[in-house]
Amino acid sequence: NAGVTQTPKFQVLKTGQSMTLQCAQDMNHEYMSWYRQDPGMGLRLIHYSVGAGITDQGEVPNGYNVSRSTTEDFPLRLLSAAPSQTSVYFCASSYSSTGRTGELFFGEGSRLTVL
Amino acid sequence: AQKITQTQPGMFVQEKEAVTLDCTYDTSDPSYGLFWYKQPSSGEMIFLIYQGSYDQQNATEGRYSLNFQKARKSANLVISASQLGDSAMYFCAMREPYNTDKLIFGTGTRLQVFP
């Protein structure tokens, strides 16, 4: 019963490096999203997707790219990491808006440090 | 724009007592959903309870209940008979209306339960 799986759980980068946070869900959810969590600021939406081939920006999209080639996967790419991107990242998925309550199922989080 | 406000950065409660965590929201749309999530020190996000704007009764899930006051735009979480394991961060969130499960989060309240 995997649910939402994020990798890696921890990562340290140097400024300017690139990396991809992987997210996969096995619940056949249409909706997937990425949040970042910073102290005192709650969770803020970075990007989201309502289905394969469709993505859109959230509240804090700058510095991040996403794609959704399959229903299961929704990777988050940092093209040139900056210290301001040091954060904990959560991937989440849910049924479509026509589903039950729109409850989000979260991955365990990925802690990223940019030096 | 929609907004969630949690004004209590931290709360203390004695074991077996009840505690109320405050949440107010701002939206001009009549259709919305309100959520509470728990984040223990291990970091995962755990869904607790949901209230729809058209629901006639306050939501309850075991020891959790949501005190929904629509006119005041408040959605306070009530935890009855607190347990040591309830010590965690608690986030209130709102689903944007007519959107695909995008959640807007408050900044959270840290609850500490003492013996």
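Relevant structure appears above.
The structure contained in this document is the topic of the report that follows. (Residues numbered from 1 in each chain as written. Chains lettered and ligands numbered in written order. Predicted model: local features only at pLDDT ≥ 70, side-chain atom pairs only at ≥ 80, totals over all residues. Heavy atoms only, no water.)

**Things to note about the nonpolar core**
Residue and element names in this part refer to chain B. Formed by 24 residues in total, the largest nonpolar core has its most connected members in Tyr25, Leu34, Trp36, Ile49, Leu77 and Tyr90. Counting residues per element, the ones that place at least two in this core are strand S3 (19-21), strand S5 (33-39), strand S6 (46-52), strand S8 (64-69), strand S9 (74-79), strand S10 (88-95) and strand S12 (109-114). For this core, the element with the most residues is S10, which contributes four residues. (Core = buried A, V, L, I, M, F, W, Y, C linked by side-chain atoms within 4.5 Å. Buried < 20%, exposed > 50% of the residue type's maximum accessible area, 1.4 Å probe, protein only. Helix = DSSP H or I, 4+ residues; strand = E, 2+ residues; numbered from the N terminus.)

**Thoughts on the environment of Phe106 of chain A**
Tracing the chain through its elements places Phe106 of chain A in strand S10 (residues 105-106). Looking at Phe106 of chain A, the relative accessible area reads 12%, which means it is buried. Spatially, the C-alpha atoms of Phe106 of chain A and Phe74 of chain A are 13 Å apart, while their sequence positions differ by 32 residues. When neighbours within four sequence positions are excluded, Phe106 of chain A is seen to be in contact with Val4, Tyr35, Leu43, Phe90, Cys91 and Ala92 of chain A together with Tyr37, Met45 and Phe105 of chain B. (Contact = heavy atoms within 4.5 Å.)

**Comments concerning the pairing of S10 of chain B**
Residues and elements named next belong to chain B. The buried fraction of S10 is high, at eight of eight residues. By the bridge criterion, seven bridges tie S5 to S10 in an arrangement that is antiparallel. Its bridge partner lying in S10, Lys38 is registered against Tyr90. Sheet topology places S10 next to strand S11 (residues 103-105); three bridges connect them, and they run antiparallel. Within S11, the residue paired with Arg95 across the bridge is Leu103. (Pairing = 2+ DSSP bridges.)

**Topic: the interface of chain A and chain B**
The partner chain B presents 17 residues to the 21 residues of chain A that form the contact. Of the roughly 1,600 Å² buried where chain A meets chain B, counting both sides, 58% is carbon and sulfur surface. In this assembly, chain A and chain B are joined by zero salt bridges. Here chain A and chain B share four residue pairs in polar contact (both at pLDDT 80 or more) between them. Elements with a minimum of two residues in the side of chain A that touches chain B: strand S4 (31-37), strand S5 (43-51) and strand S9 (87-94) of chain A. In terms of residue count, the dominant contributor to the side of chain A that touches chain B is S5 of chain A (four residues). Here the residues of the side of chain A that touches chain B are counted per class, giving 11 nonpolar, eight polar and two charged. (Buried area = accessible area lost by both parts, 1.4 Å probe. Salt bridge = Lys/Arg side-chain N within 4 Å of Asp/Glu carboxyl O. Polar contact = N/O pair within 3.5 Å; in protein donor to acceptor, adjacent residues only side chain to side chain. Nonpolar A, V, L, I, M, F, W, Y, C, P; charged D, E, K, R; others polar.)

Fair warning: the whole summary comes from geometry, so function is off the table for now.
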